[in-house]
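The chain contents come next:
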Amino acid sequence: MTPHLVGPMAFELDDKKLKRAGLDYWQHVCVKLHDSWQDFFAFFQALPAPKQLIGYSVYGDTYYAGPEFKYTPGDWLLFGAETTGLPMQAHRDILSSGGVLVKIPIVDTYVRSINQSVCVGVGVFEALRQLDEGRHDVTPRDDESSPMVRLPTPMQVEQQHQRQQQEGQQQQQQQQEAVKKEAPVLA
């Protein structure tokens, strides 16, 4: 998966800023830069099929993870700037090329947008989840040598709590019975 960055960008890719952002692995990342949306779209159109543009936008009419939408090999996920989103020309080109505008739902009463990196993470995760078809299922390790800390599930916590309550009640009953046996009978 190669990220394609389309200009103009609101950030610089100079070494100093990348190091400050903690991207000390940047020299190992293959990135394709496009000067403008028109340059990117011309590049995309020249690619062989299968291909489809999927634009993440507040104007999308399809839920990004809904049952009516399936990711396919050859999909290109597009994310706009946090402040302005995808340009209107991108919206038109996505739709005219057979692509789809999808949205990540948010309650916009107090929030007007989702951070771009969060959107990318959500979108890429959902695409990989659908396309991988279980190849990345996580299975717990059962051996004791696992360095992972195992937290109990809520059901296990509840079961443990119930056992402790039962044990406490049994101890209380045993103590009451012991007191009754030892107490002198007054007539």
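Placed above this text is the structure.
This report concerns the structure included in the present document. Along each chain, numbering runs from 1 in the same order as the chain's sequence is written. Predicted model: local features are reported for residues with pLDDT of at least 70 only, side-chain atom pairs are reported and counted for 80 or more only, and whole-chain, interface and lining totals are derived from all residues. Think of the side-chain values as coming from all heavy atoms in the structure, minus any hydrogens and water.

Time to look at the pairing of strand β6 (residues 100-103). Where strand β3 (residues 52-56) lies against β6, 3 bridges are found, and the strand directions are parallel. Across the sheet, residue G55 finds its bridge partner in β6, namely L101. By the bridge criterion, 2 bridges tie strand β4 (residues 62-63) to β6 in an arrangement that is parallel. Its bridge partner lying in β6, Y63 is registered against K103. Paired strands, as defined in this entry, are two strands with at least two bridges between them according to DSSP. Strands are runs of DSSP state E lasting at least 2 residues, helices are runs of H or I lasting at least 4, and numbering of each runs from the N terminus.

Buried residues dominate β3, accounting for 5 of its 5 residues. A simple rule labels every residue: compare its accessible area, found with a 1.4 Å probe on the protein chains alone, to the largest value its type can have, and call it buried under 20%, exposed over 50%, or partly exposed in between. A two-sided burial pattern is seen for β3, the buried positions comprising Q52, I54 and Y56 on one face and L53 and G55 on the other. When β3 meets strand β5 (residues 75-79), the two strands line up parallel, connected through 5 bridges. Pairing of G55 across the sheet is with L78, part of β5.

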